[in-house]
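If you want the building blocks of each chain, they are given just below.
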Protein chains: 4
Amino acid sequence: MKTKLTSLVILLTLCISSFKAENPIRIVFFGDSITQAGVGPTGYITQMTKMIAEKGLGGKYELIGAGIGGNKIYDLYLRHEDDVIAKKPQIVIIYIGINDVWHKTSSRTGTDADKFERFYNALIKKIQNSGSQVVICTPTVIGEKHDNSNENDGDLNAYSAIIKKIAETNACKLIDLRKAFMDYEVKNNVENKASGILTTDRVHLNEAGNKFLAETMWETIKNF
Amino acid sequence: MKTKLTSLVILLTLCISSFKAENPIRIVFFGDSITQAGVGPTGYITQMTKMIAEKGLGGKYELIGAGIGGNKIYDLYLRHEDDVIAKKPQIVIIYIGINDVWHKTSSRTGTDADKFERFYNALIKKIQNSGSQVVICTPTVIGEKHDNSNENDGDLNAYSAIIKKIAETNACKLIDLRKAFMDYEVKNNVENKASGILTTDRVHLNEAGNKFLAETMWETIKNF
Amino acid sequence: MKTKLTSLVILLTLCISSFKAENPIRIVFFGDSITQAGVGPTGYITQMTKMIAEKGLGGKYELIGAGIGGNKIYDLYLRHEDDVIAKKPQIVIIYIGINDVWHKTSSRTGTDADKFERFYNALIKKIQNSGSQVVICTPTVIGEKHDNSNENDGDLNAYSAIIKKIAETNACKLIDLRKAFMDYEVKNNVENKASGILTTDRVHLNEAGNKFLAETMWETIKNF
Amino acid sequence: MKTKLTSLVILLTLCISSFKAENPIRIVFFGDSITQAGVGPTGYITQMTKMIAEKGLGGKYELIGAGIGGNKIYDLYLRHEDDVIAKKPQIVIIYIGINDVWHKTSSRTGTDADKFERFYNALIKKIQNSGSQVVICTPTVIGEKHDNSNENDGDLNAYSAIIKKIAETNACKLIDLRKAFMDYEVKNNVENKASGILTTDRVHLNEAGNKFLAETMWETIKNF
């Protein structure tokens with residue numbers, strides 16, 4: 001009974017806020033498999049949409065997922081015209097880099113650091129020139145151990161430093177997902193396990209991981 | 001004395017042919033370090049230019065090198081607007097793929113076969129849409145042994161098959177450099193050496209290699 | 001009825017030959033997962049044992065499997081005392097090398113060519129010094145395509161050449177499995193498929209593969 | 001003049017102590033290129049020998065280098081009989097593991113963690129059974145950056161944890177070189193450089209590195 005009432009209140013709130021909103025802020029999430037799964041039932045974009053609705057801000061934001069599994073920075077560059085610019089978003093959140101590092105060890109087809117930077121800068125320039133604001137993120141995790149003993153930690157830390165530099169160069173807002181995730185692991189992963197806290201398989205997020213990602217990104221998005 | 005006379009004849013021939021030529025056919029060679037070196041003193045583009053001049057066809061063709069060391073298919077995609085389309089060539093010879101394979105073993109940053117194909121198709125489309133004709137080449141060698149015992153031979157053969165498919169799909173002329181080079185090796189590399197016949201270091205071409213490449217490409221180019 | 005009679009004849013033959021045999025020739029098959037599976041219901045050692053029995057030679061040979069999945073040449077070296085020498089065989093068939101090549105691309109833990117040779121020579125010396133005769137084999141396949149376009153073909157061909165040299169150096173009989181398998185593929189794999197002819201997964205043998213391996217090895221073993 | 005006197009004093013001390021010492025403690029340093037260079041003019045074994053002499057303990061210890069460039073754990077196993085056991089040392093200091101990790105990224109021929117452990121345990125057992133005491137070390141560095149952003153840091157940390165476990169299992173003394181080096185870097189490498197502090201090339205030690213290594217090892221050795 002209580003639940004039904006709550007649902008009704010949420011529904012009403014959603015209706016009201018959507019009536020109010022004349023120009024919702026369109027945000028495209030541009031990324032890899034995590035973002036592709038982000039629009040699934042428990043994905044981070046889905047959870048963020050609900051979260052926003054519960055805050056009564058449903059009409060203020062339009063969240064669009066544009067993730068494709070296996071994507072690296074140059075794949076985003078290849079498809080940015082169709083999948084981002086054509087959608088005319090105000091904000092583009094780029095969350096990429098895991099495969100650029102991971103595929104070095106999984107399939108010997110990672111991305112060299114200098115090319116990662118070159119493609120990232122070129123991509124940002126293209127999107128900014130089209131009139132959208134760009135927010136970029138450091139990569140989350142490949143392995144949840146928090147003592148820097150996951151095989152790819154060296155590169156993940158190095159590529160995070162590159163991304164921070166790219167954010168400065170291009171005057172982009174930065175969401176330091178890697179730091180947020182590592183801080184979370186230190187607090188919550190007491191057995192220093194490689195997976196099962198925020199991920200199912202060391203990389204892809206479980207429901208808690210998607211929730212934490214949604215909350216972390218929201219801290220930046222709410223200011224738009 | 002004889003040499004001077006010959007030089008004079010060549011010079012005259014060059015002058016005559018260049019007077020005749022009102023619209024030379026502009027050809028851009030788009031590739032990696034081999035093409036970057038191709039415009040050097042003994043590079044294949046330089047040798048081809050001389051070869052063409054000696055045939056009295058100097059004014060008929062304008063050869064432009066657009067090679068950058070370390071480039072893979074996606075690097076060509078990134079710079080095709082500035083380095084190819086902006087030059088408005090009639091013909092574009094794309095000679096790429098060695099690094100896409102080689103970097104798998106040298107730095108774990110090669111290109112997956114499916115992405116190689118996707119970027120190649122996208123690149124050809126962009127260049128064809130700009131009005132240029134595209135010619136594509138299979139990769140030459142990483143190691144000159146001719147019994148398929150060079151470490152990367154498996155992939156070089158596989159990526160060559162992909163390139164042949166791409167040529168068909170996009171109705172491009174194909175220059176089968178790999179076959180030409182392997183046939184040459186079978187005939188001339190009697191000790192089955194890994195380098196020193198057409199290359200200095202298993203990959204980059206020595207003067208003979210550049211000459212053979214120029215001659216091989218010429219068989220296709222002369223028909224334009 | 002006829003079958004029963006045949007069975008009876010085989011049985012009798014078996015009995016007779018086993019009575020005759022006072023000292024069966026003990027043969028240890030020393031290798032990786034293929035040899036580990038070799039003692040399974042359809043494995044090549046099991047099939048060879050049946051084959052030998054059907055020829056009425058059941059008592060002449062004692063076949064022992066000593067294969068462990070994932071083994072490379074240095075793993076054989078580590079366990080040769082317990083798993084080979086302790087069994088006092090007359091003959092040791094070493095069939096190794098696939099993982100030494102394959103793990104380069106699957107997990108970046110392959111074996112350098114020079115160390116492959118060094119460990120192989122050391123292993124043979126230890127076994128020969130213990131009084132056993134050593135027979136060695138070239139590696140079969142990682143991918144069944146017969147135009148040298150499987151990713152690891154270059155190395156498989158190179159390591160096969162090394163194994164032939166090792167056989168000469170140590171005066172070992174050689175079973176050229178790679179050549180036998182490739183000849184079979186050329187004849188029988190008309191669609192040039194990567195798996196499904198002799199293997200289930202490009203490497204591990206299906207029943208036909210085990211049968212062909214048993215028959216190929218038998219050609220050498222029958223002379224002991 | 002003063003120098004000459006000092007030299008004389010040292011010489012006398014050396015003579016005296018070497019007369020006193022009837023049974024110097026023989027220590028074999030068993031490792032890779034760093035240990036091979038350790039017996040060079042500025043190498044850590046050479047520096048430690050001098051250091052010991054200056055302390056007047058020259059006759060108490062006999063230090064023997066047994067390092068070979070490129071060695072991994074299984075290479076030590078292969079040559080432990082000739083290079084360690086045959087020398088009948090009281091103490092064996094094993095300092096290995098860098099190549100086991102590094103060759104994963106440099107040549108795709110690293111050592112899997114489980115095999116690293118298996119060979120290490122087998123090696124220790126063989127040496128302990130021969131009557132020597134074994135001391136083992138965690139690996140130093142592949143890159144001197146101290147924020148865990150060197151590419152191989154993840155694995156170096158993971159393999160260090162394995163080595164600590166191996167020390168416990170086999171009741172070996174442990175010298176935690178990695179921790180010592182990292183602590184040094186934090187204090188002295190203010191610009192977070194990848195090389196030039198203790199190494200020449202991110203791995204091989206410069207004179208300061210050899211000195212620091214000698215001092216670090218001495219803290220354990222002096223107790224024998």
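Everything below is about the structure printed above this text.
Residues numbered from 1 in each chain as written. Chains lettered and ligands numbered in written order. Predicted model: local features only at pLDDT ≥ 70, side-chain atom pairs only at ≥ 80, totals over all residues. Heavy atoms only, no water.

Colleague: Explain the overall build of chain A to me, using residue names and the numbers behind them.
Modeller: Helix and strand counts for chain A stand at nine helices and five strands. Starting at the N terminus, the α and β elements of chain A follow one another as α-β-α-α-β-α-β-α-α-β-α-β-α-α. For 224 residues, the compact-globule estimate of 2.2 N^0.38 gives 17 Å, and chain A sits close to it at 18 Å. A principal-axis box enclosing the C-alpha atoms of chain A has dimensions of 50 × 45 × 25 Å. Taking all 224 residues of chain A together, the buried fraction comes to 54%. (Helix = DSSP H or I, 4+ residues; strand = E, 2+ residues; numbered from the N terminus. Rg over C-alpha atoms; globule rule 2.2 N^0.38 Å. Buried < 20%, exposed > 50% of the residue type's maximum accessible area, 1.4 Å probe, protein only.)

Colleague: Please give an account of the relation of the copies chain C and chain B that cites residues and values.
Modeller: Overlay of chain C on chain B (RMSD 0.0 Å): rotation 180 degrees, translation along the axis 0.0 Å. On the angle and the small slide along the axis, the relation comes out as a two-fold axis. For chain C, the smallest separation between a C-alpha atom and the rotation axis is recorded for glycine 154 of chain C, amounting to 2.9 Å. (Least-squares fit on C-alpha atoms with pLDDT ≥ 70 in both.)

Colleague: Before we move on, can you summarise the sheet that holds strand 1 (residues 25-31) of chain A with the specific residues and values?
Modeller: Two modes of strand pairing occur in sheets, parallel and antiparallel, and in both the strands are linked by backbone hydrogen bonds. Residue and element names in this part refer to chain A. Strand order in the open sheet formed by five strands is 2-1-3-4-5, with parallel pairing between adjacent strands. For this open sheet the edge positions go to strand 2 (61-67) and strand 5 (173-175), each flanked by a neighbour on one side alone. Across the sheet, the axes of successive neighbouring strands diverge by a mean angle of 20 degrees, strand direction being ignored. The sheet contact formed by strand 4 (residues 133-137) and strand 5 spans three bridges and is parallel. Note on strand 5: the bridge partner recorded for isoleucine 136 is leucine 174. Sheet contacts for helix 4 (residues 73-83): strand 1, strand 2 and strand 3 (91-95); angle to strand 1, the most-contacted strand, approximately 155 degrees. (Pairing = 2+ DSSP bridges. Axes fitted to C-alpha atoms, helices over the stretch in contact; angles between N-to-C directions. Contact = heavy atoms within 4.5 Å.)

Colleague: How would you sum up the relation of the copies chain B and chain A? Please name residues and give values.
Modeller: When chain B is fitted to chain A, the best match, at an RMSD of 0.0 Å, comes from turning it 180 degrees and sliding it 0.0 Å along the axis. Comparing interface residues between copies, 100% of those in chain B also lie at the interface in chain A; the contact surface is shared.

Colleague: Explain the side chain of threonine 220 of chain B residue by residue, including any values.
Modeller: All names here are of chain B. With respect to the helices and strands, threonine 220 occurs in helix 9 (residues 207-221). Look at threonine 220 and you get buried, because its relative accessible area is 13%. In this view, threonine 220 contacts Val135, Lys173 and Ile175; residues no more than four positions away in its chain are not counted.

Colleague: Residues and numbers for the packing of aromatic side chains, please.
Modeller: The final tally for this structure, using the stated rule, is 44 aromatic pairs over all chains. Centroid distance phenylalanine 29 of chain A to tyrosine 44 of chain A: 5.7 Å. Interplanar angle 85 degrees. Geometry classified as edge-to-face. On the criterion of sequence distance, the pair formed by phenylalanine 29 of chain A in strand 1 and tyrosine 44 of chain A in helix 3 (residues 44-54) is long-range, its members being 15 residues apart. Tyrosine 44 of chain A carries the same exposure label as phenylalanine 29 of chain A, and that label is buried. Ring centres of tyrosine 77 of chain A and phenylalanine 119 of chain A lie 5.8 Å apart, and the angle between their planes is 80 degrees; this geometry places the pair in the edge-to-face category. Linking tyrosine 77 of chain A in helix 4 with phenylalanine 119 of chain A in helix 6 (residues 113-129), this pair joins segments that are 42 residues apart in sequence. Here tyrosine 77 of chain A matches phenylalanine 119 of chain A in class, with each residue buried. Taken together, the aromatic side chains of Tyr74, Tyr77 and Phe119 of chain A together with Tyr74, Tyr77 and Phe119 of chain B make up a single cluster linked through ring pairs. (Phe/Tyr/Trp six-rings, centres within 6.5 Å; stacked < 30°, edge-to-face > 60°.)

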